[in-house]
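# Secondary and tertiary structure notes
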Amino acid sequence: MNVLWIEDFGGLQAGKNILNQMFGDLLSFDVWDNDLFSLKTRPSDLNEFCTQQKSLHTVYLCRNYFDYAEFKENHAILNKIDTVIIDVRLDNGEHVDLDKDIPESYTDKSKFHENGGFYVFNDLIHLGVPAERMCFMTGEKNSIDAFKKKCSEIYIPEVKAFEKKDIEYENLREWIKKQESDYIKLRRGVIKSCDFLKSYIEKDDHNIQFRDFIKKENSHEIATTDINNYLDTLAQFFPIKQPNDQAALNAQYRLFLRTLVHEWEENIEPNSLKEKYAGDLSKIRDIYTFAWLMKMTRNWVSHANLLEPLDHQTIAFLFLVNMRAMFKLPKANQPYEEILLSCISPSPADNLQNLDDDIKYAEECVDGILTGLNKNETGHFGNKINAIYKQNTGNTDAELHDFKKFLLQYFWINQKFNSRNLTSPSNDFLPTLARHIYNRSFS
């Protein structure tokens with residue numbers, strides 16, 4: 001998650017304890033050398049620390065209203081944050097110019113900064129941050145009680161608040177953990193991915209691998225601006241407010257998936273990449289497999305809803321392989337991939353010794369389904385599951401099958417003659433992905 005923390009540090013003791021009390025095991029500050037009060041002059045230290053630790057979580061600190069205004073001006077704030085912790089009083093004169101101009105319609109500067117947290121809260125509400133994703137952490141209990149009463153009177157959702165005392169820090173940490181839903185993790189992984197990839201191709205346009213899949217006979221071109229627009233669309237797709245029920249969430253995932261795979265249209269052909277390597281897949285088998293997965297998924301979701309109900313694990317898997325197919329990425333896991341891999345499975349398999357038997361059984365099961373359908377399909381596994389897909393499309397009497405699992409099994413079967421790369425203990429992307437999807441593939 002990305003946490004926006006509004007805190008003026010007035011009256012707090014120096015040291016790591018306050019950060020550990022606030023964030024607990026969300027972040028570990030044991031190796032942080034800086035004194036807490038360095039944040040009074042360099043609040044960016046907190047963000048830099050999270051980055052240096054390669055944490056899946058990031059905390060952005062604003063010490064006062066002016067810090068917040070600058071943060072909002074420099075960032076697409078709804079994409080930048082997932083949850084917010086706000087102090088009420090933002091009037092610590094050590095690091096805020098109390099004579100600077102404040103928003104129009106406010107005349108009492110001292111009073112404004114004393115209640116600056118309330119202004120930030122309301123501003124974030126107007127920007128689209130839901131109240132349930134924000135809380136107050138303050139020593140101003142009387143102010144909070146009065147604010148809650150006022151909110152109730154004007155029908156604003158109840159405000160969550162915690163006092164700055166030991167017993168309440170534990171409650172705050174529990175509240176923070178509850179904000180980290182599967183939806184929010186997926187959202188953050190997608191946003192970080194798109195931000196990274198935009199920067200990545202800006203440095204080197206040749207990192208766009210998607211162009212290698214254009215059919216030779218077509219004059220179709222893929223402009224860098226088109227790829228940037230595609231990434232921008234994906235990054236803005238998941239709102240910070242999670243859909244209220246499963247049906248709405250499924251609809252959100254369906255629209256996202258159709259947008260994700262839309263680029264794999266008629267002019268794009270995985271075999272074009274194969275031809276560029278003269279049919280030698282030894283160095284590109286994973287990319288070739290990813291491309292076929294996306295091409296197949298596009299065909300499936302364009303004509304049927306057989307992958308539904310969709311879930312965050314399936315979306316994370318397809319998003320990961322899509323980006324590995326479209327962009328030339330290093331073998332090592334990228335930071336955004338760590339987030340999305342954790343969406344698929346927080347506990348990856350550590351033993352793939354039965355893989356050959358699992359693959360054989362999966363193939364036998366698909367052959368059995370085809371026999372039951374009187375389908376004489378003897379081609380590749382991809383052709384076989386496509387035949388089942390065609391049989392089920394529009395057929396309300398068809399037997400239900402797990403098409404999400406078919407896609408996962410395709411990943412394994414399309415690379416079964418090169419399984420050493422999949423079962424390697426390496427922390428590179430391909431074997432790491434394999435460990436994360438193994439249990440879902442063959443359970």
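A few points on the structure.

Scoring rules and cut-offs
- Residues numbered from 1 in each chain as written.
- Predicted model: local features only at pLDDT ≥ 70, side-chain atom pairs only at ≥ 80, totals over all residues.
- Heavy atoms only, no water.
- Helix = DSSP H or I, 4+ residues; strand = E, 2+ residues; numbered from the N terminus.
- Buried < 20%, exposed > 50% of the residue type's maximum accessible area, 1.4 Å probe, protein only.
- Contact = heavy atoms within 4.5 Å.
- 1 Å grid on protein atoms, 1.4 Å probe; cavity = no way out; pocket = protein on both sides within 12 Å on 5 of 7 lines; lining within 4 Å.
- Points joined across faces, edges and corners; volume = space filled by probe spheres on them.
- Nonpolar A, V, L, I, M, F, W, Y, C, P; charged D, E, K, R; others polar.
- Core = buried A, V, L, I, M, F, W, Y, C linked by side-chain atoms within 4.5 Å.
- Pairing = 2+ DSSP bridges.
- Right-handed = clockwise from strand over helix to strand, strands pointing away.
- Salt bridge = Lys/Arg side-chain N within 4 Å of Asp/Glu carboxyl O.
- Axes fitted to C-alpha atoms, helices over the stretch in contact; angles between N-to-C directions.
- Expected span 1.5 Å × (residues − 1).
- Polar contact = N/O pair within 3.5 Å; in protein donor to acceptor, adjacent residues only side chain to side chain.

### Some remarks on the environment of Lys192
Tracing the backbone shows Lys192 in helix α9 (residues 182-203). For Lys192, a relative accessible area of 22% gives the class partly exposed. If we ignore the near neighbours within four places in the chain, the residues touching Lys192 are Asn2, Ser55, Leu56, Thr58, Tyr336 and Ile339.

### What to know about empty space enclosed by the protein
For the structure shown, the criterion picks out 2 cavities of 30 Å³ or more. Of the volumes computed, that of the largest cavity is approximately 60 Å³. Along its surface, the largest cavity is lined by Arg254, Leu257, Arg258, Val301, Ala304, Asn305, Leu307, Glu308 and Leu310. For the lining of the largest cavity, the element with the most residues is helix α11 (residues 246-261), which contributes 3 residues. Tallied by class, residues from the lining of the largest cavity come to 5 nonpolar, 1 polar and 3 charged.

### A short note on the nonpolar core
Grouped together as the largest cluster of nonpolar side chains are 112 residues, with contacts concentrated most on Phe23, Ile85, Phe411 and Leu433. Filtering out sequence-adjacent residues up to four positions away, Ile85 remains in contact with Val3, Leu4, Trp5, Ile6, Met22, Phe23, Cys135, Met137, Leu172, Trp175 and Ile176. Counting residues in each nonpolar core, the second largest holds 31 residues, with Leu4, Phe118, Val129 and Phe147 among its members.

### Quick notes on the environment of Val59
Secondary-structure assignment places Val59 in strand β2 (residues 58-62). Judged by its relative accessible area of 1%, Val59 is buried. The sequence separation of Val59 and Glu48 amounts to 11 residues, and the corresponding C-alpha distance is 9.2 Å. For Val59, the contacting residues outside a window of four places in its chain are Val3, Trp5, Phe23, Leu27, Leu46, Asn47 and Cys50.

### Section: the pairing of strand β5 (residues 160-163)
The two faces of a sheet get side chains in turn, since along a regular strand they alternate between them. When strand β4 (residues 134-138) meets β5, the two strands line up parallel, connected through 4 bridges. Paired with Thr138 across the two strands is Glu163, which belongs to β5. Handedness of the crossover joining β4 and β5 through helix α7 (residues 141-153): right-handed.

### So, the pattern of salt bridges
A complete count under the given rule lists 19 salt bridges for this structure. The salt bridge partner of Asp45 is Arg42, with a shortest N-O separation of 3.1 Å. Under the relative-accessibility criterion, Asp45 is labelled buried at 8%. Its relative accessible area of 41% is what places Arg42 among the partly exposed residues. Ionic pairing is found between Glu337 and Arg324, a salt bridge with its closest N-O pair at 2.8 Å. Remark: Arg324 occurs in helix α14 (residues 312-326) and Glu337 occurs in helix α15 (residues 335-344); sequence separation between them is 13 residues. For Arg324, a relative accessible area of 5% puts it in the buried group.

### Some points on the pairing of strand β3 (residues 83-86)
Burial of the side chains of β3 extends over both faces: Thr83 and Ile85 are buried on one face and Val84 and Ile86 on the other. Sheet analysis places strand β1 (residues 2-6) next to β3, joined by 4 bridges and oriented parallel. Of the residues in β3, the one forming a bridge with Trp5 is Ile85. Pairing of β3 with β4, which is carried by 3 bridges, proceeds in the parallel orientation.

### A few points about the sheet that holds β5
Read across the sheet, 5 strands follow the order β2-β1-β3-β4-β5 without closing on themselves; strand pairing throughout is parallel. The sheet is open, and its two borders are formed by β2 and β5, each paired with just one other strand. On average, each strand axis in the sheet is tilted by 20° relative to the strand beside it, whichever way the strands run. Pairing of β1 with β2 involves 5 bridges; the strand directions are parallel. Within β2, the residue paired with Leu4 across the bridge is Tyr60. Seen against the sheet, helix α6 (residues 116-127) touches β1, β3 and β4 and runs at an angle of roughly 175° to β4.

### Section: α14
Along its 15 residues, α14 runs 21 Å from first to last C-alpha, staying within 8% of the 21 Å computed at 1.5 Å per residue. The buried count for α14 comes to 15 of 15 residues, which makes it a mostly enclosed element. Sitting at the head of α14, Asp311 places a side-chain oxygen 3.3 Å from the backbone nitrogen of Gln313.

Scope: geometric values only; no functional claims are made or implied.
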